[in-house]
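Remarks on the overall topology
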Amino acid sequence: MEIESWIAPVADPDVIIVGAGSAGIAAARHLMAHGLTVTLLEARDRIGGRTLTRRFKGHPLDLGAHWLHAGPINPLVKLGRERREPLRRAPVDGHFFVRGRAGRRVERAALDRAFAMADRAMTQAAKAREDQAAAKVLPPMGPQGHRVAAIHGLVSGRPLEEVSLHDFPSMEYADNLFIAGGLGAYVARLGKDLPIQLEAPVRAIDWSGSGVRVETAVGTLRGKAVIVTTPMAVLQQDAIRFAPALPQAVHEAIHGFTQGVYEHVVLHWPDSPFRGADRLASLTGTRREPPGLLTCIDSTPFHFFELDQPIAASFDRRDAHAPFRFARDVLAEHFGHRAIRSLTALHGTAWRNDPWSRASWAVVPPGLSAIRDTLKAPVGERIWFAGEALSRAQWGTAGGAWEEGERAAGEIAAKLSGPRSAG
Ligand SMILES: Cc1cc2nc3c(=O)[nH]c(=O)nc-3n(C[C@H](O)[C@H](O)[C@H](O)COP(=O)(O)OP(=O)(O)OC[C@H]3O[C@@H](n4cnc5c(N)ncnc54)[C@H](O)[C@@H]3O)c2cc1C
């Protein structure tokens with residue numbers, strides 16, 4: 001990516017931010033706008049975290065987040081409009097195939113009906129105070145029932161048996177947008193001109209004194225407060241040692257999340273049967289159905305074949321080509337071998353194996369929906385947690401991470417700027 005203009009990190013800033021993904025960038029911008037000094041410490045040699053745009057055959061494609069979900073409440077959409085970024089609305093209609101031929105209207109209507117039934121049942125059941133697995137409340141939905149559950153499982157990051165029902169009404173996926181040039185490139189633009197130290201993995205946070213001492217692989221910084229935006233799955237590996245140890249409730253909340261898995265296989269398929277741009281395709285009627293397929297991205301011959309958690313978990317992690325073979329086999333099953341002659345798989349993401357993410361996002365298991373609130377409360381008025389995992393209405397998304405970065409920064413700004421302006 002071309003955006004590489006960061007300013008020198010501040011030695012001992014007011015606030016240290018761990019991680020330069022969406023949450024960290026949002027927090028830094030907010031704090032700096034309030035006149036506070038910040039330094040972002042980023043483990044990788046790039047910013048953006050789980051948003052990343054890379055070029056394939058000259059075309060930018062997102063290897064992490066791609067959709068701007070929940071347009072009306074997504075802060076990245078609001079900011080994009082203010083900045084006149086090239087946003088475009090995602091189509092609402094998709095392709096529907098049965099054993100490789102265009103599905104009939106009544107078959108498509110059956111799928112739509114099954115989705116509506118599932119949504120109604122989950123929204124209604126989630127009103128109960130007792131939480132339970134989202135899968136438990138699904139009504140009989142006819143032949144399309146398993147497909148509905150598979151798609152909800154894909155976008156949740158885990159099979160619905162493992163997902164809190166209380167998270168469903170907040171899954172505001174209507175009104176989606178895309179951004180030309182990629183969401184990763186957009187987030188990187190937003191991180192331009194921030195004081196960032198790259199390749200500085202944080203190893204320890206000492207909060208025994210009045211402020212914080214943050215130890216990285218390349219030195220130690222002191223600050224008044226720290227915002228930790230590291231993914232939950234990374235924190236669960238004890239990648240950062242806290243001294244003193246975090247309170248038990250906070251430790252348990254961090255360990256309460258499970259790893260959401262969602263991976264892209266990037267396909268180049270010039271002779272695909274798909275027309276139009278940016279449409280999801282439902283392929284049904286055969287033994288294996290891809291849980292997600294986004295076709296003709298940005299009107300190009302590129303497509304994302306999405307892998308859900310059970311499929312990704314079935315691959316041997318040493319076999320980098322397994323996802324490619326799987327995508328080809330499934331598409332051949334639907335369209336025949338001749339139809340996929342021009343298809344090549346160019347890349348398969350493996351965020352679940354990346355030491356700085358270890359998952360695509362964090363999932364709240366049934367019964368644990370309170371863990372987000374536990375993590376929103378600062379520890380010792382010095383340590384704030386932020387990131388996608390903490391967002392209730394936009395969990396698992398870049399917009400949710402941004403929202404949470406701004407929330408943490410807003411609380412710190414109120415605390416640190418208050419006495420100053422009074423004095
Ligand atoms: C394949 C895929 C598809 C997705 N699709 C979508 C989508 O379409 N729409 C959507 O909104 N969301 C999507 N998501 C989710 C979205 O990418 C994340 O929710 C969001 O980017 C998380 O932002 P964050 O700031 O919370 O965390 P991150 O972006 O992970 O940022 C945390 C940062 O902390 C750094 N870090 C980790 N450990 C340390 C350490 N010890 N010291 C210093 N730095 C550290 C990491 O390198 C990283 O840069 C997708 C995710 C994946 C993987």
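Located above this text is the structure these notes cover.
Everything quoted here is computed from the prediction, not taken from an experiment.

Rules and cut-offs
Residues numbered from 1 in each chain as written. Predicted model: local features only at pLDDT ≥ 70, side-chain atom pairs only at ≥ 80, totals over all residues. Heavy atoms only, no water. Helix = DSSP H or I, 4+ residues; strand = E, 2+ residues; numbered from the N terminus. Buried < 20%, exposed > 50% of the residue type's maximum accessible area, 1.4 Å probe, protein only. Contact = heavy atoms within 4.5 Å. Areas by Shrake-Rupley, 256 points an atom, 1.4 Å probe, with all protein chains shown as cover. Lys, Arg positive; Asp, Glu negative; His and termini not counted. Charge placed at Lys NZ, Arg CZ, Asp CG, Glu CD. Pairing = 2+ DSSP bridges. Axes fitted to C-alpha atoms, helices over the stretch in contact; angles between N-to-C directions. Salt bridge = Lys/Arg side-chain N within 4 Å of Asp/Glu carboxyl O. Expected span 1.5 Å × (residues − 1).

Right, let's talk about the overall build of the protein for a bit. When its secondary structure is counted, the protein shows eleven helices and 22 strands. Dimensions of the protein, computed from the C-alpha atoms along their principal axes, are close to 70 × 50 × 45 Å. Per-residue burial over the protein gives 56% buried out of 423 residues. When contacts within the protein are restricted to residue pairs at least 6 apart in sequence, those whose partners lie at least 24 apart make up 73%. Here the protein has roughly 17900 Å² of accessible surface; of this, 52% comes from carbon and sulfur atoms. Here the protein holds 51 positive side-chain charges and 45 negative ones, and the gap between their average locations is 4 Å.

Another aspect to go through is the sheet that holds strand 12 (residues 219–223). Pairing is mixed in the open sheet, where four strands are placed in the order 12-11-10-14. Looking at strand neighbours, the two that pair on one side only are strand 12 and strand 14 (241–243), the edges of this open sheet. Ignoring strand direction, the axes of neighbouring strands in this sheet form an average angle of 15°. Note: strand 10 (residues 202–206) against strand 14, three bridges, orientation parallel. Within the sheet, the bridge partner assigned to A204 lies in strand 14 and is R241.

Quick look at the sheet that holds strand 6 (residues 95–98) now. To summarise the sheet geometry, strands pair through backbone hydrogen bonds and adopt either a parallel or an antiparallel arrangement. If you walk across this open sheet you meet the seven strands as 7-6-17-18-19-16-20, and the pairing is mixed. Here the strands that pair on one side only, and so sit at the sheet edges, are strand 7 (101–102) and strand 20 (344–348). Pairing geometry for strand 18 (residues 292–295) and strand 19 (residues 302–307), over three bridges, is antiparallel. Among the inter-strand pairings, G292 is bridged to a residue of strand 19, identified as E306. This element, helix 3 (residues 105–125), spans strand 6, strand 7 and strand 17 (279–284) of the sheet and lies at about 115° to strand 6. Lying on the sheet, helix 4 (residues 145–156) is in contact with strand 17, strand 18 and strand 19; it crosses strand 17 at an angle near 140°.

Any two side chains of opposite charge can pair, on the condition that their charged atoms come close. By the definition in use, this model includes 23 salt bridges. When the shortest N-O distance is used, the salt bridge between K224 and D14 registers 2.8 Å. Taken together, the residues span a long stretch of sequence, with K224 in the loop between strand 12 and strand 13 (225–228) and D14 in the segment before strand 1 (15–18) at a distance of 210 residues. Residue classification places D14 among the buried residues on the basis of a relative accessible area of 8%. Taking the shortest distance from any N to any O, the salt bridge between E85 and R189 comes out at 2.6 Å. In this pair, E85 sits in the loop between helix 2 (75–82) and strand 5 (87–89) while R189 sits in helix 5 (residues 183–190), placing the two residues 104 residues apart along the sequence. Exposure remark for E85: the relative accessible area of 12% places this residue in the buried category. Linked through salt bridges whose partners overlap, the residues forming this network are K376, E404, R407 and E411.

Moving on, we get to helix 9 (residues 322–335). Its 14 residues place the ends of helix 9 20 Å apart at the C-alpha level, agreeing with the 20 Å of an ideal helix rising 1.5 Å per residue. All of the buried residues along helix 9 are A322, P323, F324, F326, A327, V330, L331, A332, H334 and F335. Directly beyond the C-terminal end of helix 9, a positive phi value near 90° is found at G336.

This next bit is on the pairing of strand 10. Here strand 10 runs beside strand 11 (residues 212–216); their pairing, made up of four bridges, is antiparallel. Bridged to V202 within strand 11 is T216. In this antiparallel pair of consecutive strands, strand 10 and strand 11, the connection spans five residues.

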